[in-house]
Amino acid sequence: MTIADRWLLPDGIEEVLPPQAWQVETMRRTLLDLYASWGYELVIPPHIEFLESLSAGAGNDLELQTFKITDQLTGRMMGLRADTTPAVARMDAHTLNRTAPARLCYAGSVFHTRPASLAASRTPIQVGAELYGHAGVASDIEVISLMLETLAAVGIDNPHVDLGHVDIFRQLTSAAGLNSIQEAELFDALQRKANPEIQQYLADWAVAPSIGRMLTELSRLSGGREILGDARTMLVDAPASVIEAIDTLETIADHLSEGYPQVELYFDLSELRGYNYHTGVVFSAYLPEEGQAIAKGGRYDGIGEVFGRARPATGFSTDLKALMRLGNGEPEAIRGILAPVDADKTVVRHLREQGQKVIYSLPGQTESARDIGCDRELKLTDGSWQVVPVG
């Protein structure tokens, strides 16, 4: 093994160095203070759990993203968390066991076996908020609004928000009488908006023409708010729950347009991200220059069922590293005070209590004040210690 092999990091694994590390930490504190002001309580889940808990209720995709190891004490498989939501759902369902709605937030590293995209980190710092115990549209609106406040807090004021509702597809496939294999094949074709393929499937499966027509139309129902009106017309014969889902999207659009008029809303009724565990509204925030969502979330009612207590739930998450790159925060400028080793310790303590950064000069040190991050010096002038600019 060469020296280079010892300092080389795996692809997608990176370290955060000064001054960016302080920028990330400052952003983390800012966002957690924001969540606290909305009534969200901080939880700190463990980084490692038994594999059954980490992937419970979250679908096969999450299990594929999870690093797995064997517990030397029990012989059971454990994993490094690839997403924080299952752990928070376990806390709500079992550890906290509250009857009232619970608002919980978190900020910590997660670990992915593969990057979510070519430029993504395999060790994102996931921050997010989740609301358990309320099934109404008001909690969806609250969580989406908090996501937008999160982005605004780091200087992202004009994201595009994509909205969908997975229950529309789920109810239509149920009305069509499709089995799980057929549903998965249709799901895949719909994500690719492969209309000829969709039509062929529906014909082969002898789906009733009225239901088949509505399933075919889903891939075309994307665009601005006007598509909600189109959806009411095209899906008029759908089950009542489909119309209720459209009503939910319209209510959310009303509130977001009023509270965040600068945010552009886009609707896609064939958007089925997280279909395996989402149960209602799904949403993502984008920037025009970014190909991947910068924040995303949705409703996942019943995720706590595997932990013994199903509760309605909705939430969102984002990556602090991505926000640092995309937001308007800048690394902290060189700003500190260099003190000689014999400086008055009471003066140094007082400066630090005021929030100043004071660095003692070490014996034999030859670097300049600026070299070690200081723009001022503590000097004894006319019998008193004074802070003066670096010459």
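Figured I'd write up the structure that's included with this text. (Residues numbered from 1 in each chain as written. Predicted model: local features only at pLDDT ≥ 70, side-chain atom pairs only at ≥ 80, totals over all residues. Heavy atoms only, no water.)

1. So, the nonpolar core
It is characteristic of soluble globular proteins that their nonpolar side chains tend to be buried jointly.
Link 1 in the chain: In terms of nonpolar packing, the biggest core is built from 72 residues, with Tyr35, Leu163, Leu218 and Leu235 touching the most fellow members.
Link 2 in the chain: With residues up to four places along the chain from it excluded, the contact list for Leu163 reads Ile144, Leu249, Ile252, Leu256, Leu265, Tyr266, Phe267, Asp268, Val281, Val282 and Phe283.
Link 3 in the chain: Core analysis: the next-biggest nonpolar cluster, separate from the first, contains 13 residues, Val88, Met91, Tyr106 and Phe307 among them. (Core = buried A, V, L, I, M, F, W, Y, C linked by side-chain atoms within 4.5 Å. Buried < 20%, exposed > 50% of the residue type's maximum accessible area, 1.4 Å probe, protein only. Contact = heavy atoms within 4.5 Å.)

2. Side note on unusual backbone geometry
Link 1 in the chain: Geometrically, the link from Pro18 to Pro19 is a cis peptide bond, its omega value of -5° lying close to zero.
Link 2 in the chain: With respect to the element layout, Pro19 can be found in the loop between helix 1 (3–7) and helix 2 (20–37).
Link 3 in the chain: The residue Asn97 is not glycine, and still its phi comes out positive at about 55°.
Link 4 in the chain: Mapping Asn97 onto the fold places it in the loop between helix 5 (85–96) and strand 5 (102–109).
Link 5 in the chain: Backbone geometry at Asp382 places phi at a positive 55°, although glycine is not the residue there.
Link 6 in the chain: Counting through the fold element by element, Asp382 comes out in the loop between strand 15 (376–381) and strand 16 (384–389).
Link 7 in the chain: Judged by relative accessible area, which is 81%, Asp382 ranks as exposed. (Helix = DSSP H or I, 4+ residues; strand = E, 2+ residues; numbered from the N terminus.)

3. Remarks on helix 8 (residues 180–191)
Link 1 in the chain: Its twelve residues give helix 8 an end-to-end C-alpha distance of 16 Å, which sits within 8% of 16 Å, the value for a rise of 1.5 Å per residue.
Link 2 in the chain: Every buried residue of helix 8 is listed here: Gln182, Glu183, Leu186, Ala189 and Leu190. Buried residues along helix 8 cover an arc of 130° about the axis, so they all sit on one side. For helix 8, the exposed residues set more than 90 degrees away from the buried face come down to Ser180 and Ile181.
Link 3 in the chain: Summarising the contacts, the buried residues of helix 8 are in contact with helix 7 (166–176), helix 9 (195–204) and helix 10 (209–218).
Link 4 in the chain: The N-capping residue of helix 8, defined by a side-chain oxygen 3.1 Å from the backbone nitrogen of Ile181, is Asn179. (Expected span 1.5 Å × (residues − 1). Arc of directions from axis to C-beta. Polar contact = N/O pair within 3.5 Å; in protein donor to acceptor, adjacent residues only side chain to side chain.)

4. Some thoughts on the pattern of salt bridges
Link 1 in the chain: Applying the stated criterion to the full structure yields 22 salt bridges.
Link 2 in the chain: The shortest N-O distance in the salt bridge between Glu14 and Lys321 comes to 2.4 Å. Note that Glu14 is positioned in the loop between helix 1 and helix 2 and Lys321 in helix 13 (residues 320–326), a separation of 307 residues in sequence.
Link 3 in the chain: Residue classification places Glu14 among the partly exposed positions, given a relative accessible area of 33%.
Link 4 in the chain: Residues Glu25 and Arg28 are paired through a salt bridge, measuring 2.8 Å at the closest nitrogen-oxygen approach. (Salt bridge = Lys/Arg side-chain N within 4 Å of Asp/Glu carboxyl O.)

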